[in-house]
Structure formats: C-alpha cells, structure tokens
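Next come the chains, spelled out residue by residue.
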Amino acid sequence: MLQAINNNSDSITKDIQATDARHHLHPFTDSGALNSAGARVITGAEGVYLWDSEGHKLIDGMAGLWCVNLGYGRQELIDAATKQLNELAYYNTFFQTTHNPAASLAKEIASITPGDLNHIFFASSGSEAIDTLIRMVRHYWQLKDKPYKKILISRENAYHGSTIGGTSLGGMTGMHKQGGPLVPDIHRIRQPYWYGEGEDQNEEEFGLSCAKALEDKILEVGPDNVAAFVGEPIQGAGGVIVPPKSYWTEIQRICRKYDILLAADEVICGFGRTGNWFGCQTFGFQPDIMTMAKGLSSGYLPISAVAVGDQIANTLMESGSDFNHGFTYSGHPVAAAVAIENIRILKEEKVIEYVAEDIGPYFQSRLRQVLGNHPLVGHIEGEGLVAGMALVKDKASKTFFEDELDIGLICRNFCFENGLIMRACGSRMVLSPPLIITREEVDELIEKALKCLNLTLESVS
Ligand code: PXG
C-alpha cells in the first residue's frame, strides 16, 4: 500500500515537473539547468512549515520570499478574501471611483507609518511601487519648477525589484548586464557593509564614512540635480546587510542639508520584520516617501503601496493636473481586504511586540550562541527576525571563498535536502522566518542550520 502511494506521488511529481519544464519559465533561474534537474513541487503549507509532493516537510526560514509574515494557513486571511470576492471581486480606482477596501487600507497604512506619510498610492508588487516612487519624485520636482532635480541615488548591491525601473535603481551588477539600457540619471554609492568592506574602521566610523559617500556624490553631480536618495533600511536580497547605527541618521542629515528627498524601500523591512512596523523606525530616520509590499498582505495576495508624505502629496494635490500613472490592480479590493485583515491581526495579536521583545532577541541570541563559533561562519548580523551570515574560508584572516565554488549554493542545497529553507545570497546565508515562529521552531531551525553548515564544511574540507 505504502509502495503504491509512493509510486503514485512519484508519478504526480514527474508529471508536474515535465509540464513545468515544457511551459514555465522561472524567475532568476537558468531554465535549461532547472528543466533537466526538475523543480521541487510544493504542495501545501501550515504555520512555518511547507510540504513537497514527495512528502518532505520543510521548515521555512524565509517566510516564502520574505513575505509570509503571519505564516501559512491563516483562516482569517482566507475568509477576508472570500468575503470580498463575494461582495466586489474587482473594481478600479481610476476615473473618480473608489471602494471601501482601498479607502480603509489607505487609512490603516497611514495610521501605522511614522510621521506624515498620510497618503497612499497602491500597486501590486514591490517593483511597481519602486517604479511609482521613481516617477513620483521626479514629477514632484517638476511641479516644484525644478525639473533638473531628477537624479536618484541608491547603493551598490541594493535590490529594488526587476522591472526596468527597479533594475536600474538597484545595484545588482548581474541584472544590469541583461535587458538594458537602464533608466538614465541613476547613481550609486557604496553599501554600508562593515564586515565585508569596513577594513580597519570601527563600525560607527565606517557608517559615517559610507554616509559621507552620499555627500560626496551629491557634490559631484550637483545638489540641484538630485531628486532623492533611496535605500532599504537593511539590505535584504543583498545578503541582509545591517548598517552601523551611525549610518541612517547621518544620511538623513545630508538629505535635509541639500534638499533631497529621503526614500525608504521597506518592501522587506516593513510590517514587523525588524521589531518595529517599519525598518526606518528601527534606525531612527523619517522618510519623505516609502515603498512597501510583501508583508503588507503576508504574501497571501499581491499588493504593494507607496506611502507619501504631506510635502509631496500636497504638491500633487495642489497641482491642478493628473499624475499620469497607475495600474489596473491599484488598490485591488480583494488584496486590500486581505491586507486590512493582516494589519488587524498584527495589531491584535501584538506580533510586532512579540518580534521586538521576545522572539526577535531569542532568535538573534540563539543564532550567535549555536552558529557563531562555527568555523564557516565569519560574522552574523541581523535585527528582529532577519539575519545574515557571512560564510568564510578562514575566520581569523577573514578570507572569503572563491566565487566559482559558490559556497552559498552548496549550503542551500544541503538545507533543502535536510528539511530547511535557508536562502543563499552569494556567500551569505540569510534567514527571515514568519513572525509567528515559536521558540521551539526557532530551535529546530537553528539546529537544522547547524547540521547543514557541518555538511557544507565537510564537503569543502
Ligand atoms: N524592493 C525590495 C527591498 C525588495 O526586497 C522589491 C523591491 C521588489 O518587489 P517585487 O514584489 O516586485 O518582487 C523587493 C523584492 C530574493 C528576492 O531572492 C528578493 C525580492 C524579490 C525576489 C527575490 O531575495 N525582493
């Protein structure tokens, strides 16, 4: 009987893989290589666990793709979507129309964002939110009669999505090489990666010198030409790079000094990931505009938003003209209804407080206790429930592995084989589990990570 079930699941897996290989092009993937290996087929999920078609159970150390903040299978989110689908499955927010989910979600977001980010523009993905931000800040300066202020400054190794705007704003060289030319008038400065690039400076000095790179860049291109600086409070896809404490407040000071808008890309850091509603609160700065996505709906439906401060929004509203920008699904009622319910649960269950006071500190300290002394782990950094680990060849001399070895990929493959999803960003391993993870589940996750680091070490020794 068991044999029959296994044979059956084997053939179902093979069928899905074959169909996938024939017709499905995967994101950020070498499709030829994947098609010959066959994709893993995910079939179900509950809480912090996933199951695949071969019956393997995996603990999801990445909350999907940094987004399933409330974990899988939350009935309230499913019910919110079902109810809204029955009432009004779709209507747009163009042409002088609105609906309760879009209006109510805008109010909710305005109530949790810091400062005067009181006006919300909706889209469906982080990339669309970033493209909206690029167009909106440039348009803002045009309305202010300063059309020459159009340069955006971001950082090397930043990730801001993969539309042409997101790719251009981001600092991923592998992406820049494909599908260009990129959007003009975007400049990048160095990233605040102290462990990898800080050399002899102490952390706080290094933070200030990375912020100084912004001032140098502004002076190089001319302050009158710069529209905005954009950054992730913690770089996510870049490998979870946590800036020194001195960094963001100095960046803010420089932006204010030169009349440059400060934009936070909160697509990963938003909605509790770092122990506050937004990453900018963890680092003590106030953006003029911010993007959010992922955790806004815990990934249950695609929705993103740009929260716009009074200064920019009032200029748009007083311009007497249309902002010619928007998407069919801007403010989609079903996605908005799920996001409203998601925020309600985050508030009612005090999930942000749980990350800040309980599970975040537990996760960070267990990571360091259990993995900190591992010979492969050069450094661990993180805040709340997000962390990155640098894998190194030699800890004492801080020697990194050769890129060709792809140590991160070796480790990630051991993780998959051993029931753990841990992402590799180059040679950095990153974790970003659902915010509802328990202490026991954190222990399990870190035990599995230790086992996989040991296997990785054995395989390269
Ligand atoms: N900004 C940031 C900071 C992000 O992390 C985006 C924008 C774009 O969001 P969309 O929804 O358009 O994907 C992101 C997305 C990875 C990975 O491999 C990270 C993201 C997306 C896909 C893969 O870590 N972040």
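Rules used in this analysis
Residues numbered from 1 in each chain as written. Predicted model: local features only at pLDDT ≥ 70, side-chain atom pairs only at ≥ 80, totals over all residues. Heavy atoms only, no water. Near = heavy atom within 4 Å. Polar contact = N/O pair within 3.5 Å; in protein donor to acceptor, adjacent residues only side chain to side chain. Areas by Shrake-Rupley, 256 points an atom, 1.4 Å probe, with all protein chains shown as cover. Pairing = 2+ DSSP bridges. Helix = DSSP H or I, 4+ residues; strand = E, 2+ residues; numbered from the N terminus. Axes fitted to C-alpha atoms, helices over the stretch in contact; angles between N-to-C directions. Phe/Tyr/Trp six-rings, centres within 6.5 Å; stacked < 30°, edge-to-face > 60°. Buried < 20%, exposed > 50% of the residue type's maximum accessible area, 1.4 Å probe, protein only. Lys NZ or Arg CZ within 6 Å of the ring centre and 35° of its normal. Expected span 1.5 Å × (residues − 1). Bend = angle between axes of the 7 residues up to and from the residue. Contact = heavy atoms within 4.5 Å. Left-handed = near helix turned anticlockwise from the far one by under 90°. Core = buried A, V, L, I, M, F, W, Y, C linked by side-chain atoms within 4.5 Å. Domains from an automatic or database assignment.

*Asks:* Can you walk me through the site of the ligand in this structure?
*Replies:* Within the structure, the ligand sits among 15 residues, and W66, G126, S127, D265 and R423 are positioned closest to it. For the ligand, an oxygen atom lies 2.5 Å from a polar atom in the side chain of S127. A distance of 3.2 Å separates a nitrogen atom of the ligand from a polar side-chain atom of K294. Its free accessible area being 540 Å², the ligand has 85% of it covered by the protein chains.

*Asks:* Even after reading the chapter, I still don't get the sheet that holds strand β14 (residues 423-425), so can you show me in this structure?
*Replies:* In sheet architecture, strand pairing relies on hydrogen bonds along the backbone and comes in two forms, parallel and antiparallel. Pairing within the open sheet is antiparallel, and its 4 strands lie in the order β11-β12-β15-β14. Edge strands, defined here as strands with exactly one partner in the open sheet, are β11 (377-383) and β14. Sheet twist, expressed as the average angle between the axes of neighbouring strands with direction ignored, equals 25 degrees. As paired strands, β14 and strand β15 (residues 428-431) are joined by 3 bridges and run antiparallel to one another.

*Asks:* Explain the packing of aromatic side chains here, please?
*Replies:* Given two aromatic rings, one states the distance between the centres and the angle between the planes to describe the pair. Taken as a whole and judged by the stated rule, the model has 12 aromatic pairs. With a centroid separation of 4.8 Å and an interplanar angle of 65 degrees, the aromatic rings of Y140 and W141 are classed as edge-to-face. For W141, a relative accessible area of 2% translates into the label buried. Just above the ring of W141 sits the side chain of K149; from NZ or CZ to the centre is 4.8 Å. Lying over the aromatic face of Y195, K398 brings its terminal NZ or CZ to 4.4 Å of the ring centre.

*Asks:* Which parts of the structure should I look at to understand helix α15 (residues 351-371)?
*Replies:* For an α-helix, the turn length of 3.6 residues means that residues three or four places apart are oriented alike. Taking 1.5 Å per residue, 21 residues should reach 30 Å; α15 reaches only 26 Å between its end C-alpha atoms and comes up short. Of all the bends in α15, the greatest reaches close to 45 degrees and is centred on I359; the proline P361 follows between one and four positions later. Of the positions making up α15, those classed as buried are V351, I352, V355, I359, G360, Y362, F363, Q364, L367, V370 and L371. Of the surrounding elements, those touching the buried residues of α15 are α14 (333-348), β11, β12 (386-391), β15 and α17 (439-460).

*Asks:* Looking at this structure, how should I read the packing of helix α6 (residues 126-143) against helix α13 (residues 310-318)?
*Replies:* A pair of packed helices can be characterised by two numbers: the angle between their axes and the separation between those axes. Their axes nearest at 10 Å, the elements α6 and α13 cross at an angle of 65 degrees. The handedness of the crossing between α6 and α13 is left-handed. Where α6 approaches α13, its residues M136, H139, Y140 and L143 are matched on the opposing element by Q311, I312, T315 and L316.

*Asks:* Teacher, can you tell me more about the pairing of strand β2 (residues 49-52) here?
*Replies:* Remark: a regular strand shows side chains that alternate across the two faces of the sheet. Bridge count between strand β1 (residues 42-46) and β2: 4 bridges; the pairing is antiparallel. Following the sheet pairing, G44 is matched in β2 by W51. The pairing of β2 with strand β3 (residues 57-60) spans 3 bridges and is classified as antiparallel. Among the inter-strand pairings, L50 is bridged to a residue of β3, identified as L58. A loop of 4 residues connects β2 with β3, the two strands running antiparallel in sequence, and G55 in this loop sits at a positive phi of about 85 degrees.

*Asks:* What is the right way to read unusual backbone geometry from this model?
*Replies:* As a rule of thumb, non-glycine residues mostly have phi less than zero, and peptide bonds are mostly trans rather than cis. In this chain, G180 is followed by P181 through a cis amide linkage whose omega measures 0 degrees. For N157, which is not glycine, the phi torsion reads 65 degrees and is therefore positive. If you trace the backbone, N157 turns up in the loop between β5 (151-155) and α7 (164-169).

*Asks:* Looking at this structure, I do not really get the side chain of S154. What am I missing?
*Replies:* Position of S154 relative to the elements: it lies in strand β5. Look at S154 and you get buried, because its relative accessible area is 0%. When sequence neighbours within four positions are dropped, the list of residues in contact with S154 reads H160, L169, I186, H187, R188, I189, F229 and V230.

*Asks:* What should I look at first to understand the nonpolar core in this one?
*Replies:* A general tendency of soluble globular proteins is for nonpolar side chains to be buried together. Ranked by internal contacts, the top residues of the largest apolar core, which has 106 residues, are F229 and L296. No other element matches the 9 residues that α15 contributes to this core. Taken together, domain 1 (10-73 + 351-460) and domain 2 (76-348) each give at least three residues to this core, which thus spans both. Not counting residues up to four positions away in its chain, the partners in contact with L296 are L105, I109, F271, I303, S304, A305, A339, N342 and I343. Counting residues in each nonpolar core, the second largest holds 24 residues, with I130, I134, L152 and V306 among its members.

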